[in-house]
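# Fold and contact review
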Amino acid sequence: YSYRAIAALADGMRALENPDIADELGPEAVARAKAYGKFVQALAHATVAVFYDRGFVVTEDTDLTEAQEPMDYNALMTEALAMFDESIQLSSGASFTLPKGWMTNELSAADLARVAHSYKARFRAAVARTPAERQAVNWAQVIADVDAGITSDYTMEFDWDNGWYFSA
C-alpha cells in the first residue's frame, strides 16, 4: 500500500506542475497540495524504510523509464526525512488549511508542520535496527523534532473504507 500511495503522489505532484491545473486550482490550493503531498510521500517512504531492508524512492522527478536500484533502509529514510523537511518548509508561514476530508478534522499549515516534525522524530528513532544503530541515532535531532512537534495527543489512522481520520 505504501507504493500505491507513492505512485499516486508522484502522479499528483507532477500534475501540479501543469500550468493549466495550477491556474485552475489557484496558488493557495497548489501550495496546500504540495505540502500535504510531500508529507504523505514522506510517510510512505519512511514506512517502507522501517519495514523493509531495501526500497525505491519514487517522486515526481523519477524517470520510470530508467532502471532503478533499490537503496538500503538508512538511505531510504534519509530521503523520507528530506521529504518531511520539504513539507515543513512548504507549510511554515503558509496560511492554508487542510480540508476536513483530508485528515477528518481541519489542520492548519502550522499544525501540518508540527505533525511532520513529530513523525520525523518517530521515524528517526524507529529505523535503527541494532544496538549500534540505536547508539548512532542523532538523539539531539530527535529531541529537536519533538520540541518542534505537536504538543497534545494526536492520532492519525487509516480507515480502509473512508480514508484518513483524526482524533485528538
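Residues numbered from 1 in each chain as written. Predicted model: local features only at pLDDT ≥ 70, side-chain atom pairs only at ≥ 80, totals over all residues. Heavy atoms only, no water.

### As for the packing of aromatic side chains
- Inspection of the entire model under this criterion finds 5 aromatic pairs.
- Taken together, a centroid distance of 6.2 Å and an interplanar angle of 25 degrees make the contact between F84 and F123 stacked. On the criterion of sequence distance, the pair formed by F84 in helix α4 (residues 73-91) and F123 in helix α6 (residues 109-126) is long-range, its members being 39 residues apart. As far as burial versus exposure is concerned, F84 and F123 are alike and both buried.
- These aromatic residues form a ring-pair network of at least three members: Y36, F39, F84, Y119 and F123. (Phe/Tyr/Trp six-rings, centres within 6.5 Å; stacked < 30°, edge-to-face > 60°. Helix = DSSP H or I, 4+ residues; strand = E, 2+ residues; numbered from the N terminus. Buried < 20%, exposed > 50% of the residue type's maximum accessible area, 1.4 Å probe, protein only.)

### What to know about the environment of G26
- Locating G26 in the fold gives a position in the loop between α2 (19-25) and α3 (27-51).
- By relative accessible area, G26 is classed as buried at 13%.
- In this structure the C-alpha to C-alpha distance between G26 and L16, which are 10 residues apart in sequence, comes to 10 Å.

### Points about the packing of α4 against α6
- Running from amino to carboxyl end, α4 crosses α6 at an angle of 165 degrees, the nearest separation of the two axes being 8 Å. Put simply, α4 runs roughly antiparallel to α6. The two elements α4 and α6 cross, and the hand of that crossing is left-handed. Listed contacts from α6 to M77, L81, F84, D85, S87, I88 and S91 of α4 are A109, A110, L112, A113, A116, H117, Y119, K120, F123 and R124.
- Of the residues that constitute the contact of α4 with α6, the class distribution is 11 nonpolar, 3 polar and 3 charged. (Axes fitted to C-alpha atoms, helices over the stretch in contact; angles between N-to-C directions. Parallel < 35°, antiparallel > 145°, perpendicular 65-115°, else oblique. Left-handed = near helix turned anticlockwise from the far one by under 90°. Contact = heavy atoms within 4.5 Å. Nonpolar A, V, L, I, M, F, W, Y, C, P; charged D, E, K, R; others polar.)

### Section: helix α1 (residues 2-16)
- Relative to the 21 Å expected for 15 residues at 1.5 Å per residue, α1 spans 21 Å between its end C-alpha atoms, a close match to the ideal helical length.
- Along α1, the residues classified as buried are S2, I6, L9, A10, M13 and L16. Along the long axis of α1, the arc covered by the buried residues comes to 125 degrees, so they all point the same way. Facing away from the buried surface of α1 by more than 90 degrees, the exposed residues are R4 and A8.
- If you follow the buried residues of α1, they end up packed against α2 and α3. (Expected span 1.5 Å × (residues − 1). Arc of directions from axis to C-beta.)

### Brief notes about the nonpolar core
- With 32 residues, the main nonpolar core has F39, M77, F84 and Y119 as its most contacted residues.
- Elements with a minimum of two residues in this core: α3, α4 and α6.
- Setting aside anything within four residues of it in sequence, one finds M77 in contact with A46, A49, V50, F123 and V127. (Core = buried A, V, L, I, M, F, W, Y, C linked by side-chain atoms within 4.5 Å.)

### Quick word on the packing of α1 against α3
- At their nearest, the axes of α1 and α3 sit 9 Å apart, and the two run at 155 degrees to each other. Classified by the angle their axes make, α1 and α3 are roughly antiparallel. The way α1 lies across α3 gives a crossing that is left-handed. Touching S2, Y3, A5, I6, L9, A10, M13 and L16 of α1 are V30, A33, K34, G37, K38, V40, Q41, A44, H45, T47 and V48, all from α3.
- A class-by-class count of the residues in the contact of α1 with α3 yields 12 nonpolar, 5 polar and 2 charged.

Just distances and angles here, no functional claims.
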